[in-house]
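Here is what each chain is made of, one letter per residue.
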Amino acid sequence: MTPSEGVGRGVESVLEMLESLLALGGMVLLRDSVEWEGRSLLKALIKKSALYGEQVHVLGCEVSEEEFREGFDSSINSRLVYHDLFRDPLNWSKTGEALPGGPLEALRALCGRTDPGPITVALDSLSWLLLHLPCTTLCQALHALSRQDPCPGKQVRVLGLLHEELHGPGPVRTLSSLAQAEVTLSGAMGQASAHILYRRPRQHPTHQTQWFSILPDFSLDLQGGPLLEPQPQPDPHTPPVDPTNHLTFNLRLSKKEREAKDSLALPFQFSSEKQQALLRPGPGQATSHIFYEPDTYDDLDQEDPDDDLDV
Amino acid sequence: MSRLLARKRSAGRSERCCSSSSSLSPGKLTLLCDAKTDGSFLMHHFLSFYLKANCKVCFVALIQSFSHYNIVGQKLGVSLTAARERRQLVFLEGLKSAVDIFFRPQEEPHPLQFLREANTRNLQPLYEFVREALKPTDEEEAAWRCPVLLVDDLSVLLSLGVGAVAVLDFIHYCRATVCWERKGNIVALVHDSGDAEDEENDILLNGLSHQSHLILRAEGLATGFCKDVHGQLKILWRRPSQPTAPRDRSLTYQYKIQDKSVSFFAKGMSPAVL
């Protein structure tokens, strides 16, 4: 693929990747790690949702509101509602500033909202919720939140950020089974990649791997892949070397050599001629004799010692 | 000639390494981590760095005594005794306080309250202590720069019966107060045992890594102990305010700890082997 073709396909893929993630509805699970963080991709998805005209509710547990809103312009920030679970999530300050009921009530309140229009709910992060709430409670709340409402105006799209290393395989798989799309972030050689698993209804799950980078304004820039070392091309001017020159052994046999080889009797093949030759020593053959002189303490009993074994 | 140039480069790099990673940009959580080696030299560095930079420091020292840190601090050019007297340094000496707690009436709150409780729920008393220690007072407002919290170390809290989530919540609240509200910095040390079965420590280390802006990881050399190269330092910048290219985010240096300083050099560029 030439670079220009790559760019052409890249532009389509940019639209496809974010749009297809958002078009499925339901829950999109972003799985990140310490080395490949996922908050930038979460913010890129939030920006895309906001550009569609949707209201975005963010349940912010890990970063402050200022830090989360950083990098968004005013049009996106106006569509962003930040539910602050960062300042006092466990109500230690007892000043009444904390969200009443804590994280669970905040989540349930989003389920029970009555304002019209499709909304996007971003959970930053699902890991924080999973560490503070029982897994079953959280899954039930998520299921209630992302359940596809037949009324198109009340659709809720859920974006959840999960830090993979913090949880065992059980909770991760449980959350993954609730998601319609799952994005696992990794990378190589300084380039980030997203491995996307789509679970479209009534279809087989499909996989896609996309290399990308996120620009300072949280738009996505697709890459072809990590820069590989160019393969060294062979020099066209050097003639190919014939390896069969100057060998120390024969690769082929002449006709006479082949006949001699075929007629050769192998030393350990027992034919009838050989048998006769062995049984009847010829005149030219020397027979061998064995000369035995017994020592004084040799036992010359001719009886077979094994006779009385009764076997 | 090339050897001289290499030495100059490596010397310059050691200063840059220290200064870039110890920058005073406010509101940052720096995580110190050590694996198969002793990373406490980093904690001593940050303690002397922030005291010299005229910051108000709250040091939760659970591992060593005050005199230990004082002796090392004097080699690095700071006097902890003097800093404590002029109220620049608030020092919680865990080793001494842990004994005191059993001889006090139970009603009085104590930062290490969790040692007395059979079922440790959270570290709220310790957080209240930190918040009180770094609370701005009028006469101090002009005297000191940003507040700093140092914790040495967090892994020992797990050994004392505190759950990993409770320690994460403690750091979360410290971040909200010290980093966000007061625009200060936090430096915390965690040990990486490398033990696959220590799930609590893994949750603590990974959870803190996700919250951190800067991770300094001191590792022993894979080939074993060496007289001239004491270990390797991996620096990982996370959570930049603007997304940056991942390839700009990490660096690795090797180091040698000397009596009064630490010298850093690129991998394989130790003066001893050049």
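These remarks concern the structure in this document.

Rules used throughout
- Residues numbered from 1 in each chain as written.
- Chains lettered and ligands numbered in written order.
- Predicted model: local features only at pLDDT ≥ 70, side-chain atom pairs only at ≥ 80, totals over all residues.
- Heavy atoms only, no water.
- Pairing = 2+ DSSP bridges.
- Helix = DSSP H or I, 4+ residues; strand = E, 2+ residues; numbered from the N terminus.
- Axes fitted to C-alpha atoms, helices over the stretch in contact; angles between N-to-C directions.
- Contact = heavy atoms within 4.5 Å.
- Buried area = accessible area lost by both parts, 1.4 Å probe.
- Polar contact = N/O pair within 3.5 Å; in protein donor to acceptor, adjacent residues only side chain to side chain.
- Nonpolar A, V, L, I, M, F, W, Y, C, P; charged D, E, K, R; others polar.
- Patch = residues over 30% accessible without salt bridge, like charges linked within 9 Å, V, L, I, M, F, W, Y side chains within 5 Å.
- Areas by Shrake-Rupley, 256 points an atom, 1.4 Å probe, with all protein chains shown as cover.
- Salt bridge = Lys/Arg side-chain N within 4 Å of Asp/Glu carboxyl O.
- Parallel < 35°, antiparallel > 145°, perpendicular 65-115°, else oblique.
- Left-handed = near helix turned anticlockwise from the far one by under 90°.
- Buried < 20%, exposed > 50% of the residue type's maximum accessible area, 1.4 Å probe, protein only.
- Arc of directions from axis to C-beta.
- Phe/Tyr/Trp six-rings, centres within 6.5 Å; stacked < 30°, edge-to-face > 60°.
- Lys NZ or Arg CZ within 6 Å of the ring centre and 35° of its normal.

Glancing now at the sheet that holds strand E4 (residues 119–124) of chain A. All names here are of chain A. With mixed pairing, the nine strands of this open sheet are ordered in space as E3-E2-E4-E5-E1-E6-E7-E8-E9. Each end of this open sheet is capped by a strand with a single partner; those strands are strand E3 (80–84) and strand E9 (220–223). Within the sheet, the average angular offset between the axes of one strand and its neighbour, ignoring direction, is 25°. Looking at chain direction, strand E7 (residues 191–198) and strand E8 (residues 206–214) are connected through seven bridges and run antiparallel. The partner of alanine 192 across the bridge, within E8, is phenylalanine 212. Strands in contact with helix H7 (residues 135–146) are strand E1 (26–32), E4 and strand E5 (156–163); relative to E5, the strand with the most contacts, it is inclined by about 145°. Lying on the sheet, helix H8 (residues 169–178) is in contact with E1, E5 and strand E6 (181–188); it crosses E1 at an angle near 145°.

Contact with chain B, which involves 30 residues of that partner, is made by 36 residues of chain A. For the chain B and chain A pair, buried surface summed over both sides reaches about 2,800 Å², with 59% attributable to carbon and sulfur atoms. At the boundary of chain B with chain A, the tally comes to 12 residue pairs in polar contact (both at pLDDT 80 or more). Looking at the side of chain B that touches chain A, the elements with two or more residues in it are helix H6 (124–133), helix H9 (164–181) and helix H10 (199–211) of chain B. Within the side of chain B that touches chain A, the residues separate by chemical class into 13 nonpolar, 10 polar and seven charged.

All right, on to a nonpolar patch on the surface then. On the surface, a cluster of nonpolar side chains totalling about 290 Å² of accessible area is made up of Leu247, Phe249 and Leu251 of chain A. With respect to the helices and strands, the residue leucine 251 of chain A is situated in the loop between E9 and helix H9 (255–262).

As a further point, take the packing of helix H5 (residues 102–111) of chain A against H7 of chain A. Residues and elements named next belong to chain A. Where H5 contacts H7, the two axes come as close as 9 Å, and the packing angle between them is 20°. Put simply, H5 runs roughly parallel to H7. Helix-helix and strand crossings are classified by hand; for H5 and H7 the assignment is left-handed. Across the interface between the two elements, Leu104, Leu107, Arg108, Leu110 and Cys111 from H5 touch Thr137, Leu138, Ala141, Ala144 and Leu145 from H7. Looking at the contact of H5 with H7 residue by residue, the classes come out as eight nonpolar, one polar and one charged.

A separate point is unusual backbone geometry. Negative phi characterises most residues that are not glycine, and trans characterises most peptide bonds. Following aspartate 124 of chain A, the chain continues into serine 125 of chain A via a peptide bond in cis, with omega recorded as 10°. By secondary structure assignment, the location of serine 125 of chain A is in the loop between E4 and helix H6 (126–132). Even without a glycine there, the phi angle at arginine 202 of chain A is positive, about 60°. Take arginine 202 of chain A: it is sitting in the loop between E7 and E8. Residue class for arginine 202 of chain A comes out exposed when judged on its relative accessible area of 83%. Residues other than glycine seldom take positive phi values, yet asparagine 54 of chain B does so here, at roughly 70°. Structurally, the position occupied by asparagine 54 of chain B is in the loop between helix H2 (40–52) and strand E2 (55–61).

Residues and elements named next belong to chain B. If you check which residues of helix H3 (residues 66–75) are buried, you get Phe66, Tyr69, Asn70 and Gly73. Projected down its long axis, H3 carries its buried residues within an arc of 105°, all on one side. Close packing links the buried residues of H3 with H2, E2, helix H4 (80–85), strand E3 (89–93) and strand E4 (145–152). In the stretch just after H3, glycine 77 is the one whose phi turns positive, near 100°.

Here we come to the packing of aromatic side chains. Counted according to the given criterion, the structure contains 15 aromatic pairs over all chains. Considering the side-chain rings of phenylalanine 68 of chain A and tyrosine 82 of chain A, the 5.6 Å spacing of their centres and the 45° angle between planes classify their relative orientation as tilted. In this pair, phenylalanine 68 of chain A sits in helix H3 (residues 65–69) while tyrosine 82 of chain A sits in strand E3, placing the two residues 14 residues apart along the sequence. As far as burial versus exposure is concerned, phenylalanine 68 of chain A and tyrosine 82 of chain A are alike and both buried. Taking the centre distance of 5.3 Å and the plane angle of 80° together, the rings of phenylalanine 59 of chain B and phenylalanine 91 of chain B count as edge-to-face. Placement of the pair is phenylalanine 59 of chain B in strand E2 and phenylalanine 91 of chain B in strand E3, with a sequence separation of 32 residues. With respect to class, phenylalanine 59 of chain B is no different from phenylalanine 91 of chain B; both count as buried. Linked through ring pairs, Phe41, Tyr253, Tyr255 and Phe264 of chain B together constitute an aromatic cluster. Its end group placed over the ring of phenylalanine 68 of chain A, lysine 43 of chain A keeps NZ or CZ at 5.4 Å from the ring centre.

Moving on: the side chain of serine 127 of chain A. Residues and elements named next belong to chain A. The residue serine 127 is located in helix H6 in this model. A polar atom in the side chain of serine 127 sits 2.7 Å from the backbone nitrogen of histidine 163. Once residues lying within four places of it in the same chain are set aside, the contact partners of serine 127 are Leu161, Leu162, His163, Leu166 and His167.

Every other side chain in a regular strand lies on the same face of the sheet, so the side chains alternate between the two faces. Residues and elements named next belong to chain A. Burial of the side chains of E9 is restricted to one face: Leu220 and Leu222 are buried, whereas none of Asp221 and Gln223 on the reverse face is. Strand direction decides the pairing type here: E8 and E9, joined by four bridges, are antiparallel. Of the residues in E9, the one forming a bridge with serine 213 is aspartate 221.

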